[in-house]
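# A structural walkthrough
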Amino acid sequence: MFFYLSQFLSFLVMPLTIILIALILGFIWRKKPIGRKLQITGIILLLFFSNQFFSNLAMHLWEDELKPIAILPEFETGIVLTGVTNLSKTVDDRTLFNKGADRATHAVQLYKLGKIQRILITGGQGLNPTNPNTEAELLRDFMLIAGVDPNDILIEREAKNTRQNALFTKEMLTQSNADFDKEKYLLITSAFHMKRAKGCFDKVGIPVYTFPVDYYAEDIHFSIPQLLFPSPQSILLWQKLFKEWIGLITYKLAGYI
């Protein structure tokens, strides 16, 4: 229930939803002063949220900083969060990635470089999948093709959100490893999602180090297109940020972090 409720609340306060509500109500009440104010507000918000510079700046400030691979110590386990495959398209002979494939490819790179000894992939099917595959299994299939030893891959295929990622990962680790408290764990997820993810793992008692991947922000720079040209991608960045901020707030209220 919490999963579906958080998804619904996120939808209500998304930038695009707010803009549409303002414009629609402004049109309905266009003959009243409040209607004109709502229309102007909707246009101003649309211009702001579609501005490339402001969206990139906001994402840049929010995302965790890059960590050079060379300075990383060695870890027994790299924990990879899912949420990066396309489960709305059914295919049995490959893994279809959405944005965020870095979570899998960088985990393989860390494994090949000896920074992590094994990989634990956590994630089930999420919300309303159209095929029976789980994300953990799909990422495992990709990693096997990429050359990861099958004995070095653990999969947790039930989690539907970040809270469950942490809970079910701890259950798996404690059941399969007598030295759970002595090992070092590297958490691998998108840079925008790292704050909430680390909070969840810390809460359940897995003291993870972090390795953020899948960056949405570009380096800050000034250019005419960035400053003046509206972009639908900018709205998508704000949508991503708002969803994460709301998730962080609801997780804190629920005591998950």
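Residues numbered from 1 in each chain as written. Predicted model: local features only at pLDDT ≥ 70, side-chain atom pairs only at ≥ 80, totals over all residues. Heavy atoms only, no water.

A count of helices and strands for the chain gives 10 helices and five strands. The C-alpha extent of the chain, read off along each of the three principal axes, is 70 × 45 × 40 Å. With 257 residues in all, the chain has 44% of them scored as buried. Look at the contacts in the chain between residues 6 or more apart in sequence, and 73% of them connect residues 24 or more apart. Accessible surface, the chain as shown: approximately 13,700 Å² in total, 62% of it carbon and sulfur. The distance from the centre of the 27 positive side-chain charges to the centre of the 24 negative ones in the chain is 13 Å. (Helix = DSSP H or I, 4+ residues; strand = E, 2+ residues; numbered from the N terminus. Buried < 20%, exposed > 50% of the residue type's maximum accessible area, 1.4 Å probe, protein only. Contact = heavy atoms within 4.5 Å. Areas by Shrake-Rupley, 256 points an atom, 1.4 Å probe, with all protein chains shown as cover. Lys, Arg positive; Asp, Glu negative; His and termini not counted. Charge placed at Lys NZ, Arg CZ, Asp CG, Glu CD.)

Judged by nonpolar contacts, the single largest core of 22 residues is most densely connected at Ile116, Ile119, Ile121, Met143, Leu186 and Ile188. When residues of this core are traced back to their parent elements, those giving at least two are β1 (75-81), α5 (102-112), β2 (116-122), α6 (135-145), β3 (153-156), β4 (185-190) and β5 (208-213). Phe180, Tyr185, Ile206 and Val208 belong to the second largest nonpolar core, which has 17 residues in total. (Core = buried A, V, L, I, M, F, W, Y, C linked by side-chain atoms within 4.5 Å.)

Okay, the packing of helix α3 (residues 33-49) against helix α10 (residues 232-254) next. When two helices pack together, their arrangement is given by the angle between the helix axes and the distance between those axes. The contact between α3 and α10 brings their axes to 8 Å, and the two run at 95 degrees. Relative to α10, α3 is oriented roughly perpendicular. Along its contact with α3, which presents Leu46, Phe48 and Phe49, the element α10 presents Ser234, Ile235, Trp238 and Phe242. Partitioned by chemical class, the residues of the contact of α3 with α10 number six nonpolar, one polar and no charged. (Axes fitted to C-alpha atoms, helices over the stretch in contact; angles between N-to-C directions. Parallel < 35°, antiparallel > 145°, perpendicular 65-115°, else oblique. Nonpolar A, V, L, I, M, F, W, Y, C, P; charged D, E, K, R; others polar.)

Strand order across the open sheet formed by five strands is β3-β2-β1-β4-β5, with parallel pairing between neighbours. Looking along the sheet, the strands with just one partner apiece sit at the ends: β3 and β5. Strand-to-strand twist in this sheet, taken as the mean axis angle between neighbours without regard to direction, amounts to 25 degrees. Across four bridges, β1 lies against β4 in parallel orientation. The partner of valine 80 across the bridge, within β4, is isoleucine 188. (Pairing = 2+ DSSP bridges.)

A word on the confidence of the model for the chain. The predicted model of the chain has a mean per-residue pLDDT of 90, with 93% of residues at 70 or higher. β4 holds the highest mean pLDDT among the elements of the chain, 97, whereas helix α1 (residues 2-12) holds the lowest, 64. (pLDDT = per-residue confidence, 0-100.)

With that settled, the discussion passes to the pairing of β2. In terms of residue burial, β2 counts as a mostly covered element, since six of its seven residues are buried. In this sheet, β2 lies alongside β1 in parallel orientation, the contact comprising six bridges. Opposite threonine 77, over in β2, you have arginine 118 as the bridge partner. For the crossover that starts at β1, traverses α5 and ends in the parallel β2, the hand is right-handed. One ladder, built from four bridges, connects β2 with β3; its direction is parallel. Opposite isoleucine 119, over in β3, you have isoleucine 153 as the bridge partner. (Right-handed = clockwise from strand over helix to strand, strands pointing away.)

The element β4 is extensively covered by neighbouring structure, given that six of its six residues are classed as buried. In this sheet, β5 lies alongside β4 in parallel orientation, the contact comprising six bridges. By the bridge assignment for β5, leucine 186 is matched with tyrosine 209.

Time to look at the side chain of arginine 118. Relative to the helices and strands, arginine 118 resides in strand β2. Accessibility expressed as a relative area gives 19% for arginine 118, which makes it buried. The contact partners of arginine 118, leaving out residues within four places of it in the chain, are Glu76, Thr77, Gly78, Asp152, Leu154, Leu173, Asn177 and Glu183.

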